[in-house]
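Analysis of the macromolecular model
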Amino acid sequence: MSELIALITIGTALFFVLLCFTPFLLALSMLVEEWRDLAVQLAPWAALPALLLAIFVKDGQSFYFTWGILGAELGIQANGRALLGVTALLWLVAGLFSRSVMAKDDRLHQFLIFFLLCMTGNLGIIVAQDIISFYTFIVLMSFTAYGLVIYRRYDEEYRVRQAGRIYLSFSLLSNMCLLLALLLLVADAPDDLNLASIAAHLTQATYQDAIFSLLLMGFGLKIGVLGLHMCLPIAYRVLPISGIIVMGSAMLYVNVFAWQQLLPLGLITQITWGESFILLGFIGGVYSLLIALTQAHRQSLLAYANISQVGLMLMIIGLGFADASEWSQLEPLLLAFIGHHTLIMGTLFFGNGLMQMRTMPPKLRAWLLGSLLLPVLMLLGAPFTSHAFMLTELKNLSQLSPISWAAQLPMWINFVTILYTIVLTRFIWLCWRTLPHEQAPYLQPILSTAWLLLVFGLLSVSLALQWQHFGLMTINYLWSTTWPILLGIALSLMFIFLNQKQFVKLVIYIPAGDVFWLGRSLSLRITHKLLHPLVQPYRAVTSRLSHKLCPTDSELTPVEASAYLWPSIGVLLLLLGLLAASYYFA
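The rules behind each value
Residues numbered from 1 in each chain as written. Predicted model: local features only at pLDDT ≥ 70, side-chain atom pairs only at ≥ 80, totals over all residues. Heavy atoms only, no water. Helix = DSSP H or I, 4+ residues; strand = E, 2+ residues; numbered from the N terminus. Expected span 1.5 Å × (residues − 1). Buried < 20%, exposed > 50% of the residue type's maximum accessible area, 1.4 Å probe, protein only. Patch = residues over 30% accessible without salt bridge, like charges linked within 9 Å, V, L, I, M, F, W, Y side chains within 5 Å. Areas by Shrake-Rupley, 256 points an atom, 1.4 Å probe, with all protein chains shown as cover. Salt bridge = Lys/Arg side-chain N within 4 Å of Asp/Glu carboxyl O. Lys, Arg positive; Asp, Glu negative; His and termini not counted. Contact = heavy atoms within 4.5 Å. 1 Å grid on protein atoms, 1.4 Å probe; cavity = no way out; pocket = protein on both sides within 12 Å on 5 of 7 lines; lining within 4 Å. Points joined across faces, edges and corners; volume = space filled by probe spheres on them. Nonpolar A, V, L, I, M, F, W, Y, C, P; charged D, E, K, R; others polar. Axes fitted to C-alpha atoms, helices over the stretch in contact; angles between N-to-C directions. Parallel < 35°, antiparallel > 145°, perpendicular 65-115°, else oblique. Left-handed = near helix turned anticlockwise from the far one by under 90°.

**Considerations on helix α6 (residues 131–149)**
Between its terminal C-alpha atoms α6 stretches 27 Å, which fits the 27 Å expected from 19 residues at 1.5 Å a residue. The element α6 is extensively covered by neighbouring structure, given that 14 of its 19 residues are classed as buried.

**Describing the environment of F170**
When you line up the elements, F170 lands in helix α7 (residues 157–188). Residue F170 is classed as buried on the basis of its relative accessible area, which comes to 14%. When the C-alpha atoms of F170 and M230 are compared, they prove to be 9.2 Å apart, with 60 residues separating the residues in sequence.

**Examining a nonpolar patch on the surface**
A cluster of nonpolar residues, F21, L25, L28, L31, V32 and W35, forms a patch on the protein surface that exposes about 570 Å² of accessible area. Ranked by residue count, the leading element in the nonpolar patch is helix α1 (residues 2–29), at 3 residues. Along the chain, W35 falls in helix α2 (residues 33–42). For W35, a relative accessible area of 53% corresponds to the exposed category.

**Considering the environment of D130**
Within the element layout of this structure, D130 appears in the loop between α5 (108–127) and α6. Given the relative accessible area of 9%, D130 is considered buried. The spatial distance from the C-alpha of D130 to the C-alpha of D192 is 8.8 Å, given a sequence separation of 62 residues.

**Description of the side chain of D323**
Along the polypeptide, D323 turns up in the loop between α14 (298–322) and α15 (327–355). Within the buried set, D323 has no salt-bridge partner at all; the shortest N-O distance to an opposite charge, 21 Å, is to K395. Ignoring any residue separated from it by four or fewer positions in sequence, one finds D323 in contact with T269, L400 and P402.

**Considerations on empty space enclosed by the protein**
Applying the stated rule across the entire model yields 5 cavities of 30 Å³ or more. Roughly 190 Å³ of internal volume is contained in the largest cavity. Forming the boundary of the largest cavity are 15 residues, of which Y167, K222, L232, M247 and N255 lie nearest the centre. Only α6, α7, α9 (208–223), α10 (231–238) and α12 (250–262) provide two or more residues apiece to the lining of the largest cavity. It is α7 that provides the largest number of residues to the lining of the largest cavity, a total of 4 residues. Taken together, the residues of the lining of the largest cavity sort by class into 10 nonpolar, 4 polar and 1 charged. Around the second largest cavity, the lining is made up of 15 residues, and of these Q309, L312, I413, V416 and T417 lie nearest the centre. Breaking the lining of the second largest cavity down by element, the ones donating at least two residues are α13 (271–292), α14, α16 (362–380), α17 (386–398) and α18 (409–433).

**Structural notes on the packing of α16 against α18**
Relative to each other, α16 and α18 sit at 165 degrees, their axes nearing to 11 Å. In terms of orientation, α16 and α18 fall into the roughly antiparallel class. Considering only the axes of α16 and α18, their crossing is right-handed. Of the residues in α18, those touching α16 at R365, A366, L369, L372, L373, V376, L379 and L380 are T417, Y420, T421, L424, F427, I428, C431 and W432. Here the residues of the contact of α16 with α18 sort into 13 nonpolar, 2 polar and 1 charged.

Given below as structure tokens:
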């Protein structure tokens, strides 16, 4: 019997090793030309070990591996099991999409290298149990996603390269904030690097507010918290479909999961931070939906819809901070929102990609659009859907909050639902009106099968929840979940009718990234006005020096001509050296 238990333990540990190393080794094997074709064929199935791990391995198992310098602790907990399964499923679907639609692309192996490295980081965050592995996987996922963002740089060179620079800058800032927060945490507790112990230690940390702020900044840049959200719509706008399926779902919401693991929710009550999170969530949700109405590109529109859903999760975290005793009820709700929205947003982005395929018969296109209504209705919280039960539970729990104005959250959630209905109605309208442009000859059987499985999975989840909570389906419940959606649809149809009849001709376009471009324009103008008076004399001096020191021979080679630029740089370095020397000797 003991030998059987040991064998099962070894097999489970092997699953964790395969989860981390299968996509990583496949990515490395694509660098070898002789192995590249086989690695490309196997790439979509790299998520299979993680999917099997989520299905068959029991909760609470963790293993310490002694590879590397400091080792790593990997495990699967009850709160991450469902997310691991959903995440692995979406990576599998995205991999199949890339291999099917991008099969004739000469650069497919380049895309898949970054795709597989992102997968390693994404899945690793869920199973990491120590702080070093945890941060390593976060950094791996963040930086390798840059390869997905700039993949289309040869099609839309300026836009894509600009989006890549913006994404990389935000990722650097985000990871620097996280590193500083983790260093402040570990500095007080150097002996225990387990995630659960680190979160518990945060209740008595010396720089508690500073750590909370750094974690908010670090994860807020990744998930789109109000004021830190500008990077997401810009990056989503240029991503290929295979990249957006996972980046807009699994890679986004795993950061929410990682964030709540580090926060001491249920261990400490912080009314001020609770109020801040709730306000950020509500204002960010409303603001992002208003901006989404001005978007003409579907991926940008869904990016702002994602930011709105993140705001809903911020409200739950805020309620948990406001009353630690309620976290035992709020934690399952937050995890349900994370897993639920990961699957639904991945399905929406996948359906959006299928709608862009060329040479699709009109009947098949109409059927696909009709099936796309299911994830849309689930996101809105329509009656008899899983999201409706979760929104009802959130409204009930918000009534118990010690924050006086938190009792108004149900009204605020209804208002957000109305706006969200208008946004997703616009998304469906854009799906129908926008012409396909993906270079795919037809909807391949493996993709249509994957789409049916995803839709069937969403439908099964809703039916299962209805069966478990059949007693909740009262007239009051049905009306409270129906009227915001009906009002949103009515407002959308009214605006479309008035627009077609030309009674109303309101066209507002705000580029993806909204306030980022405004801030960039203002900063450039201010910098020019401040630095121009200082730079102008320097340019005049260097120009005179270059005329005196450089020959005017027009037959100079480009290398010789560029070499004559060094005198002006040398003068500047000499001045800096003299200043440094005078400061030292003083």
